Amino acid sequence: MPIEERGDAHLITHALAKDTLSRLRDVETSQVAFRKGLVKLGRICGYDIIDGAMETEFVSIRTPLAETTGERVKRLDDVVIVNVLRAATPFVEGLLKAFPRAKQGVISAGRNEEAGMGEDGTFPISIDYTKLPEIRESDTVIVADPMLATGSTMCAVLDHVLEQGPDPEHLFVLSAVSAPDGLVRVGEQFPEADLLTVAIDDHLNDEGFIVPGLGDAGDRAFRTE
Ligand SMILES: O=P(O)(O)OC[C@H]1O[C@H](OP(=O)(O)OP(=O)(O)O)[C@H](O)[C@@H]1O
Ligand SMILES: O=c1cc[nH]c(=O)[nH]1
Ligand SMILES: [Mg+2]
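Looking up the protein chain in an unreviewed UniProt entry gives the name Uracil phosphoribosyltransferase, with the organism given as Halorarum salinum. One UniProt comment on the protein chain, placed under Catalytic activity (unreviewed entry), says "UMP + diphosphate = 5-phospho-alpha-D-ribose 1-diphosphate + uracil". Here is the UniProt Sequence similarities (unreviewed entry) comment for the protein chain, exactly as written: "Belongs to the UPRTase family."

Have a look at this one:
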């Protein structure tokens, strides 16, 4: 199975996910290659979520030649993907290749970098715009953000997502790179969430950036610096 348990999180271990993340980390990777890499990584992660966490069922099929039995992924319509603006946008574009019929929500959430990281290791988060579909108990919700650093953004986003209605059957927090602090913070505050990530990095620096990380994912994808 391409998803392995690791402490507070589950690691997506597909070789192509690691390959793609390594290209994203490279400081020489151009903006276009970076954005395309995030799309690719989202697609791989989506396939791995389906492989590791979604049920399948056997169905009868008639091919042009004969009756046979096939296997289908169940309940792909009951998936909600939440895009945490803005760095998650290309990542979600890739996820949608695996979940083309997912309902989508967006939340614009940003760290107040000027305020800096507080003594408790968190950032103030401003949530400026949200548009979420109805979330039902039977849904699988995937909240996607390529970077989980202090976890401040994800905690604010999850508060918002969960206050809208009943707890969904499955709640996944999907990131490309996570810092140990962020995983612990989100895991403690939202024990119902399944934390999925491609890599757990070493530490956060004084500015709250993941080390070694890949830099500022939003700036690299959107060419803003
Ligand atoms: O775990 P945290 O410490 O909260 O940091 C992670 C957040 O930081 C980045 O967003 P950023 O605030 O840079 O916004 P952007 O996507 O617009 O660049 C990233 O995409 C996460 O949302
Ligand atoms: O390392 C980090 C931390 C937060 N946001 C990013 O884009 N990168
Ligand atoms: Mg940013």
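A. Region of the structure containing the overall build of the protein chain. Looking only at helices and strands, the protein chain has six helices and 13 strands in total. Computed over the C-alpha atoms, the radius of gyration of the protein chain is 18 Å, within 12% of the 17 Å expected from 2.2 N^0.38 for a compact globule of 225 residues. The dimensions of the protein chain, computed from C-alpha atoms along their principal axes, are 65 × 40 × 30 Å. When each of the 225 residues of the protein chain is scored for burial, the buried share is 41%. A fraction of 65% describes how many contacts in the protein chain between residues 6 or more apart in sequence connect residues 24 or more apart.

B. Fine view of the site of ligand 2. The local shell around ligand 2 consists of Ala87, Met147, Ala149, Phe209, Ile210, Gly213, Asp216, Ala217 and Gly218. In the shell around ligand 2, the residues fall into six nonpolar, two polar and one charged.

C. Broad picture of the UniProt feature "binding site: GTP" (unreviewed entry) in the protein chain. Feature annotation in UniProt assigns "binding site: GTP" (unreviewed entry) to the following positions: Lys36, Gly37, Leu38, Val39 and Lys40. Within the secondary structure, Lys36 is located in helix 2 (residues 31-53). For Leu38, the location among the structural elements is in helix 2. By the C-beta count within 10 Å, which is 27 here, Leu38 ends up buried.

D. Spotlight on unusual backbone geometry. Omega for the peptide link from Leu85 to Arg86 comes to 5 degrees, which places this bond in the cis form. Mapped onto the elements, Arg86 comes out in the loop between strand 5 (79-85) and helix 3 (88-98). Omega for the bond connecting Val211 with Pro212 falls within 30 degrees of zero, at 5 degrees, which places this linkage in the cis form. Along the chain, Pro212 turns up in the loop between strand 13 (210-211) and helix 6 (217-222). Phi at Arg75 is positive, roughly 60 degrees, even though this residue is not glycine. Positionally, Arg75 belongs in the loop between strand 4 (67-73) and strand 5. In this structure Arg75 comes out as partly exposed when scored by C-beta crowding, with 14 C-beta atoms within 10 Å.

Cut-offs used in this document
- Residues numbered from 1 in each chain as written.
- Chains lettered and ligands numbered in written order.
- Predicted model: local features only at pLDDT ≥ 70, side-chain atom pairs only at ≥ 80, totals over all residues.
- UniProt positions renumbered as here; feature names shortened; annotations may be inferred.
- Helix = DSSP H or I, 4+ residues; strand = E, 2+ residues; numbered from the N terminus.
- Rg over C-alpha atoms; globule rule 2.2 N^0.38 Å.
- Buried ≥ 20, exposed ≤ 12 C-beta atoms within 10 Å, placed from the backbone.
- Contact = placed C-beta atoms within 7 Å.
- Near = placed C-beta within 6 Å.
- Nonpolar A, V, L, I, M, F, W, Y, C, P; charged D, E, K, R; others polar.

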